[in-house]
Amino acid sequence: MTELREGQGAGRMVLISGPSGCGKSTIIQRLLSSPGVEFSVSATTRLMREGEVDGVDYHFLSKGEFRTKVEEGAFIEWAEVYGNLYGTLRAPMEAAIDAGRVFLVEIDVQGALQLRALGEDGVFVFIAPPSFEELQKRLVGRGTEGPEVVERRLKKAEDEYRERVKYDHVVVNDDLDKAVAEVRSLAGIAEEKS
Ligand code: 5GP
């Protein structure tokens, strides 16, 4: 089922939220192999993790650089998440939509709801973990964060989960292939060419 109401084939923004460890990055990665799909590279003030590349995963900025961009109106939204600042840049979003591309935005719940409130046009998708036990397992298994951070992220996951009703769609990620296919259809992204 395709949920696009109008302008099928026209550029659009697709916003994807979900608790840490719900698998949203993996889903996004898979969708990016389709033609005409672009990822929104956010700006952030958090430290780069091992394996991340500046300009690919995020634009890594100092707090001062970030504030300057806020003053310039460069962000369609920005938020503080776990003590760091994150923002979605306006210019690449407008360029992608004008070029008829799907602009995928990975964003936390407060950012997505900010954009909703501003009347920003887009398909809002919430990725939910199959259960909180599973989410805990994934966060601990990932091993990139200490127990305190895992605890904080689980608490945030519970708070975010309550907000899922404000999204256009909720996709439960209990089977990766199924979840990818579901988001693909909701976002109006064509099948990969094989
Ligand atoms: P991480 O530091 O693990 O990459 O991301 C932490 C959180 O920041 C995630 O929930 C992610 O969705 C959120 N995030 C990433 N980019 C943005 C953004 O541009 N704006 C907002 N509001 N949140 C973002």
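The structure this text deals with has already been given above.
Each value, and the rule that gives it
Residues numbered from 1 in each chain as written. Predicted model: local features only at pLDDT ≥ 70, side-chain atom pairs only at ≥ 80, totals over all residues. Heavy atoms only, no water. Buried < 20%, exposed > 50% of the residue type's maximum accessible area, 1.4 Å probe, protein only. Helix = DSSP H or I, 4+ residues; strand = E, 2+ residues; numbered from the N terminus. Pairing = 2+ DSSP bridges. Axes fitted to C-alpha atoms, helices over the stretch in contact; angles between N-to-C directions. Contact = heavy atoms within 4.5 Å. Near = heavy atom within 4 Å. Polar contact = N/O pair within 3.5 Å; in protein donor to acceptor, adjacent residues only side chain to side chain. Nonpolar A, V, L, I, M, F, W, Y, C, P; charged D, E, K, R; others polar.

Engineer: Can you help me understand the pairing of strand β5 (residues 75-81) in this one?
Structural biologist: Side chains on a regular strand alternate between the two faces of the sheet. Taken across its seven residues, β5 has five buried, putting it largely inside the fold. Direction of pairing for β5 relative to strand β6 (residues 84-89): antiparallel, over a ladder of six bridges. Considered in β6, the bridge of W78 is made with G87. Between β5 and β6, which follow one another and run antiparallel, lie two residues, and Y82 among them has a positive phi close to 50 degrees.

Engineer: Would you mind showing me how to read the sheet that holds strand β9 (residues 169-172) here?
Structural biologist: Ordered by their spatial adjacency, five strands build an open sheet running β2-β7-β1-β8-β9, and the pairing between neighbours is parallel. Edge positions in the sheet fall to β2 (37-39) and β9, since each has one partner strand and no second. In this sheet, neighbouring strand axes are inclined to one another by 25 degrees on average, regardless of whether the strands run parallel or antiparallel. Here β2 runs beside strand β7 (residues 102-106); their pairing, made up of three bridges, is parallel. Residue pairing for β7: E38 is matched across the bridge by F103. Sheet strands in contact with helix α7 (residues 176-187) are β1 (12-17), β7, β8 (123-128) and β9, and its direction is about 165 degrees off that of β9.

Engineer: Help me out: how do you make sense of the site of the ligand in this one?
Structural biologist: The local shell around the ligand holds 17 residues, among which S42, R46, Y58, E77 and Y86 are the closest. Between T88 and the ligand, the recorded distance is 3.1 Å, taken from a side-chain N or O atom to an oxygen atom. Contact between the ligand and D108: a nitrogen atom at 2.7 Å from a side-chain N or O atom of the residue. Counting residues per element, the ones that place at least two in the shell around the ligand are β5 and β6. The residue makeup of the shell around the ligand, split by class, is six nonpolar, four polar and seven charged.

Engineer: It is not clear to me how unusual backbone geometry should be interpreted in this structure. Could you clarify?
Structural biologist: Note on backbone geometry: most residues besides glycine have negative phi, and most peptide bonds are trans. Even without a glycine there, the phi angle at Y82 is positive, about 50 degrees. Note on placement: Y82 falls in the loop between β5 and β6.

Engineer: Explanation requested: the environment of A43 in the structure shown.
Structural biologist: Among the secondary structure elements, A43 is positioned in strand β3 (residues 43-44). Along the sequence, A43 and D54 sit eleven residues apart, while their C-alpha atoms lie 9.6 Å from each other. When neighbours within four sequence positions are excluded, A43 is seen to be in contact with H59, L61, F66, F75, L85, Y86 and G87.

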